[in-house]
Amino acid sequence: MELVILFGSFVFLLLIGTPVAFCLGAASLATVAYMGLPPVVVFQRLNSGVSVYSLMAIPFFIFAGDLMVRGDIARRLVAFAAALVGHLRGGLGQVNIAASLMFGGVSGSATADASAVGGLMVPQMRACGYGADYAVNITVVSSIIALMIPPSHNMIIYSIAAGGRLSIADLFTAGIIPGFVLALALMAAAWFVAKRRNYPRETFPGWSMLGQLFLSAVPGLILIAIIFGGVRSGVFTASESSNIAVIYALGVTLLVYRSLSWRDFKEATLAAVRTTAMVLMVIGCAACFGWLLAYLKVPAQMVAFLHNFSDNPIVILLLINVMLLILGTFMDMSPLIVITTPIFLPVAQAFGIDPIHFGVILILNLGIGLCTPPVGSVLFVGCAVGRIGIGQVLRTIWPFYLAAFAVLLLVTYIPALSLWLPALFH
């Protein structure tokens, strides 16, 4: 009955349009009341959920990404990407994906990637004769790359949801190869669609211009090396690296590019505060929800259920992926990481799946959920940037969905894609 109240009240509140954080908090409070526990338990768990030192990295990475969006770094990365891959079939589509790969390594946020790169690329693609649906399809799905490569703050949330025992450096490292594989798969899909629609190639600007644009983009690209290299080598922690990212972003945008105005700085600060407040509220309420799941022995029941269903890890991983994909269409990513990790991680480990490998599967899977209706936040951002209806986008997005699903299967069933690179550093 406790589980009926927990999940029933949560789903009911979600269906009537209640914000996710309040759905989680209210469902937890109702369940605690039914169980006869003091209501203060909910607030204690909420407080403990956000009182985690590693969470300090999230607001600073968000702030650094916002500073770079407003400080001209995104435009320079796009210009370099255009010179690098624009001569391929469907040139500006390829540029969009390459820019997402580079900017994702700076921002670590799919939403920031979709708004920054999409805001630059979608109008340009439409002006050059590309279909609005094609431009938005690429912008939306390629933004998932930002979730896979450092400094993905969702990897930090997963580490905390897993009990704080997983190395953030290993998680950052594990997502790099899958991130590049996803970029290549999406570039192949973009080429396929561009060839069918006979979209043009861009003119290669020459090696000299490519070198100049690379030098212009270097200050932004260096941040990726600073974050990854520093965390991986142990020079500083993920939380400390986020502070360094902010200082570096301010230095580059104020002193090197001189493109950040006082107004931009204030807007970036306020935006980071709003986003951080929302994320931490969701994490806190989800932590209480997750504690109740553990208290009611849901992970153990799930392990027993799946053991009865099958003993084959291939089948178990397929079932977990399907369940996560379904959940990802209805909920945002951060609360799902906190809720589903305590449920599915013990199941995965019971079948011999490495928790680092499972983390990459989880992040990629839920990232696809950000691009699917009815609660695909990145899909909404892309459609708003492209000024196009969701229905029109969904009619033609299937080649990019197929590419993302194919990479998800590769990452799921070829653990070396996630685990080979971290193993090199041990």
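The structure we're discussing is the one just above.
Residues numbered from 1 in each chain as written. Predicted model: local features only at pLDDT ≥ 70, side-chain atom pairs only at ≥ 80, totals over all residues. Heavy atoms only, no water.

Q: Would you mind showing me how to read the overall build of the chain here?
A: If you tally the helices and strands in the chain, you get 23 helices and zero strands. Against the compact-globule benchmark of 22 Å for 426 residues, the chain has a radius of gyration of 21 Å, which places it among compact chains. Overall, the chain is about 70 × 45 × 45 Å in size when its C-alpha atoms are taken along their principal axes. By the burial criterion, 55% of the 426 residues in the chain qualify as buried. The long-range share in the chain, meaning contacts at least 24 apart out of those at least 6 apart in sequence, stands at 80%. (Helix = DSSP H or I, 4+ residues; strand = E, 2+ residues; numbered from the N terminus. Rg over C-alpha atoms; globule rule 2.2 N^0.38 Å. Buried < 20%, exposed > 50% of the residue type's maximum accessible area, 1.4 Å probe, protein only. Contact = heavy atoms within 4.5 Å.)

Q: Can you help me understand the environment of P399 in this one?
A: Within the secondary structure, P399 is located in helix 22 (residues 398–413). By relative accessible area, which is 10% here, P399 ends up buried. Residues P399 and V69 lie 330 residues apart in sequence; the distance between their C-alpha atoms is 29 Å. The residues touching P399, leaving out its near neighbours within four places in the chain, are A189 and V193.

Q: Explanation requested: unusual backbone geometry in the structure shown.
A: Glycine aside, residues mostly have negative phi angles, and peptide bonds mostly take the trans form. Its identity as a non-glycine residue notwithstanding, N198 has a phi of 60°, on the positive side. Relative to the assigned elements, N198 resides in the loop between helix 12 (176–197) and helix 13 (207–233). At R387, a residue that is not glycine, the phi angle is positive and equals roughly 50°. Mapped onto the elements, R387 comes out in the loop between helix 20 (377–386) and helix 21 (390–394).

Q: Got a minute to help me understand the packing of helix 1 (residues 2–15) against helix 15 (residues 262–295) in this structure?
A: Each pair of packed helices can be summarised by the angle the axes make with each other and by the distance between the axes. The contact between helix 1 and helix 15 brings their axes to 11 Å, and the two run at 150°. By the criterion of interaxial angle, the relationship of helix 1 to helix 15 is roughly antiparallel. Crossing of helix 1 against helix 15: the hand is left-handed. Counted together, L6, F7 and F10 of helix 1 and F289, L292 and L293 of helix 15 form the full contact between these two elements. (Axes fitted to C-alpha atoms, helices over the stretch in contact; angles between N-to-C directions. Parallel < 35°, antiparallel > 145°, perpendicular 65-115°, else oblique. Left-handed = near helix turned anticlockwise from the far one by under 90°.)

Q: What is the right way to look at the nonpolar core in this model?
A: Core analysis: the biggest nonpolar cluster contains 149 residues, and Y134, Y158, I337, F358 and F400 have the highest contact counts within it. Sort the elements by how many residues they give to this core and helix 15 lands first, with eleven residues. Dropping the residues within four chain positions of it, F358 is found in contact with Y158, I320, F344, L345, A348 and I353. (Core = buried A, V, L, I, M, F, W, Y, C linked by side-chain atoms within 4.5 Å.)

Q: Any chance you could explain the pattern of salt bridges here in plain terms?
A: Pairing of side chains with opposite charge becomes possible as their charged atoms draw close. If you walk through the whole model with that rule in mind, you get two salt bridges. Between R263 and E267 there is a salt bridge, with the nearest N and O atoms lying 3.2 Å from each other. Separated by four residues within a single helix, R263 and E267 lie in helix 15, roughly one turn from each other. In this structure E267 comes out as partly exposed when scored by relative accessible area, which is 29%. (Salt bridge = Lys/Arg side-chain N within 4 Å of Asp/Glu carboxyl O.)

Q: Hey, could you run me through the packing of aromatic side chains in this one?
A: Centre-to-centre distance and the angle between the planes together describe a pair of aromatic rings. For the structure shown, the criterion picks out ten aromatic pairs. The interplanar angle of 70° and the centroid separation of 5.3 Å between the aromatic rings of F204 and W207 together place this pair among those described as edge-to-face. With a relative accessible area of 31%, F204 lands in the partly exposed category. These aromatic residues form a ring-pair network of at least three members: Y130, Y134, Y199 and F400. Sitting above the plane of the Y257 ring, R76 keeps its charged end 3.8 Å from the centroid. (Phe/Tyr/Trp six-rings, centres within 6.5 Å; stacked < 30°, edge-to-face > 60°. Lys NZ or Arg CZ within 6 Å of the ring centre and 35° of its normal.)

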